[in-house]
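Coordinates in review
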Amino acid sequence: MSFHAIEQAPARLNRSELAVPGSQPGMFEKAAKSDVDVIFLDLEDAVAPDEKVQARKNIIQALNDIDWGNKTMSVRINGLDTHYMYRDVVDVVEQAGERLDLIMIPKVGTAADVYAVDMMVTQIEDAMGYKKRIGFEHIIETALGMQNVSEIAAASKRNESLHFGVADYAASTRARTTIIGGVNPDYSVLTDPDGDASRATHWGDMWHYALARMVVAARANGLRPIDGPFGDFQDPEGYKAAAKRAAVLGCEGKWAIHPSQIALANEVMSPGDAEVTKAQRILEAMSEAEAAGKGAVSLDGRLIDYASIRQAEVMVEKARQIAA
Ligand code: GLV
Ligand code: MG
């Protein structure tokens, strides 16, 4: 183990994260009553330029007036290259900072971008006398952001999660995509010819490298890696396949751009009963061994190493949060 200890971000449930445009206040109540873990009220790309001011007002009012229950609340501010961003931060944090858990920073490109927003938020929180600190979620969705993903992940104590913004990432890297977060049949391999007339085609996942790279940067800095949007909300199977790929790589949540995707994300990103039971048994075996003064822990005739114990602790904590 390295001497460098990784500090973990606050353990929030983040299986599903619903995008709600700030310009559509009619959607707020329904979102508040849904089963989603995190809601981000959007000031960025889902809001047209001439609706930005009204959307900001809607969001401030909604954060203060709507009963959001125990949901984690976030606001996606505009990018640092726009003139909307400073007022997003000042107005929302000053006027609704008490109910705001997170700020989502889109198209983050460098660690200095994070520093700039951190400086602003810190000044506002101090001036307002807020006790709670607002956390940051960063969307990795440009070639620059992906190049600097490790520095971004380490840039602030407020950092909680990294999100793969596949739509803008495709635009920034000029990738040839079909649908948002979907696969492209051109990204495939053919089986060897070897006299086989019907060579099989195996489709690959063109987002694998980007997502895996982001997961490593997130985990190396104690942050939650979250997979971004899947555009075709009429294709639940496609959504679930994408969510499963992300979960296999280590992501612990996925965006929902439509309420129908919330249940799919919660299903895929929740540990199964068998996994939780196994984790509980590992922890019980560990405490029995400790009570008996034994150094080595075994279960079902197999030695359990410390990595499985840590994984078991994470699993049991997650199950506890879901049940709460
Ligand atoms: C999200 O913001 C994306 O661009 O995919
Ligand atoms: Mg985007």
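To keep things clear, this report deals only with the structure shown in the data block. (Residues numbered from 1 in each chain as written. Chains lettered and ligands numbered in written order. Predicted model: local features only at pLDDT ≥ 70, side-chain atom pairs only at ≥ 80, totals over all residues.)

Let us look at unusual backbone geometry. The phi dihedral of Arg174 is positive, around 55°, even though this residue is not glycine. Mapped onto the secondary structure, Arg174 falls in the loop between α7 (166–173) and β7 (188–190). Residue Arg174 is classed as exposed on the basis of its C-beta count, with 8 C-beta atoms lying within 10 Å. For Asp300, which is not a glycine, the phi torsion comes out positive at approximately 50°. Counting through the fold element by element, Asp300 comes out in the loop between β11 (297–299) and β12 (302–304). Judged by the 8 C-beta atoms lying within 10 Å of it, Asp300 falls in the exposed class. (Helix = DSSP H or I, 4+ residues; strand = E, 2+ residues; numbered from the N terminus. Buried ≥ 20, exposed ≤ 12 C-beta atoms within 10 Å, placed from the backbone.)

Inspection of the region around ligand 1 gives Pro106, Ile139, Glu141, Gly165, Val166, Ala167, Asp168, Gly228 and Pro229 as its neighbouring residues. Residue contributions to the shell around ligand 1 peak at three residues, all from α7. (Near = placed C-beta within 6 Å.)

Before going further, it helps to examine the pairing of strand β4 (residues 102–105). Judged by which residues are buried, β4 turns out to be covered on both faces: Leu102 and Met104 on one side and Ile103 and Ile105 on the other are all buried. Strand direction decides the pairing type here: strand β3 (residues 72–76) and β4, joined by three bridges, are parallel. Among the inter-strand pairings, Ser74 is bridged to a residue of β4, identified as Leu102. Regarding topology, helix α3 (residues 85–96) serves as the crossover connection from β3 to the parallel β4, and that connection is right-handed. Taken together, the four bridges between β4 and strand β5 (residues 135–140) define a ladder with parallel strand orientation. (Pairing = 2+ DSSP bridges. Right-handed = clockwise from strand over helix to strand, strands pointing away.)

Ile59, Val75, Ile103, Ile105 and Met214 are the most contacted members of the largest nonpolar core, which has 70 residues in total. Among the elements that line this core, the one with the most residues is helix α8 (residues 208–220), at six residues. The contact partners of Val75, leaving out residues within four places of it in the chain, are Phe40, Leu41, Leu43, Ile59, Val92, Leu100, Ile103 and Met104. (Core = buried A, V, L, I, M, F, W, Y, C linked by C-beta atoms within 7 Å. Contact = placed C-beta atoms within 7 Å.)

Another point: the pairing of strand β1 (residues 16–21). Most of β1 sits inside the fold, with six of its six residues counted as buried. Two strands pair when backbone bridges link them, and β1 and strand β10 (residues 253–256) are joined in this way by three bridges, in the parallel orientation. Within the sheet, the bridge partner assigned to Glu17 lies in β10 and is Trp255. Summarising the sheet, β1 and strand β2 (residues 38–42) pair through five bridges and their orientation is parallel. For Pro21, the partnering residue across the bridge sits in β2 and is Asp42. Handedness of the crossover joining β1 and β2 through helix α1 (residues 28–33) is recorded here as right-handed.

With that settled, consider the packing of α3 against helix α4 (residues 111–128). Remark: α3 packs on α4, axes separated minimally by 10 Å, with the N-to-C direction vectors making an angle of 30°. Between α3 and α4, the angle is such that the two are roughly parallel. You can see that α3 and α4 cross each other, and the crossing is right-handed. Seen from α3, the contacting residues are Val89, Val90, Val93 and Glu94; seen from α4, they are Val117, Met120, Val121, Ile124, Glu125 and Met128. Across the contact of α3 with α4, the residue classes break down as eight nonpolar, no polar and two charged. (Axes fitted to C-alpha atoms, helices over the stretch in contact; angles between N-to-C directions. Parallel < 35°, antiparallel > 145°, perpendicular 65-115°, else oblique. Left-handed = near helix turned anticlockwise from the far one by under 90°. Nonpolar A, V, L, I, M, F, W, Y, C, P; charged D, E, K, R; others polar.)

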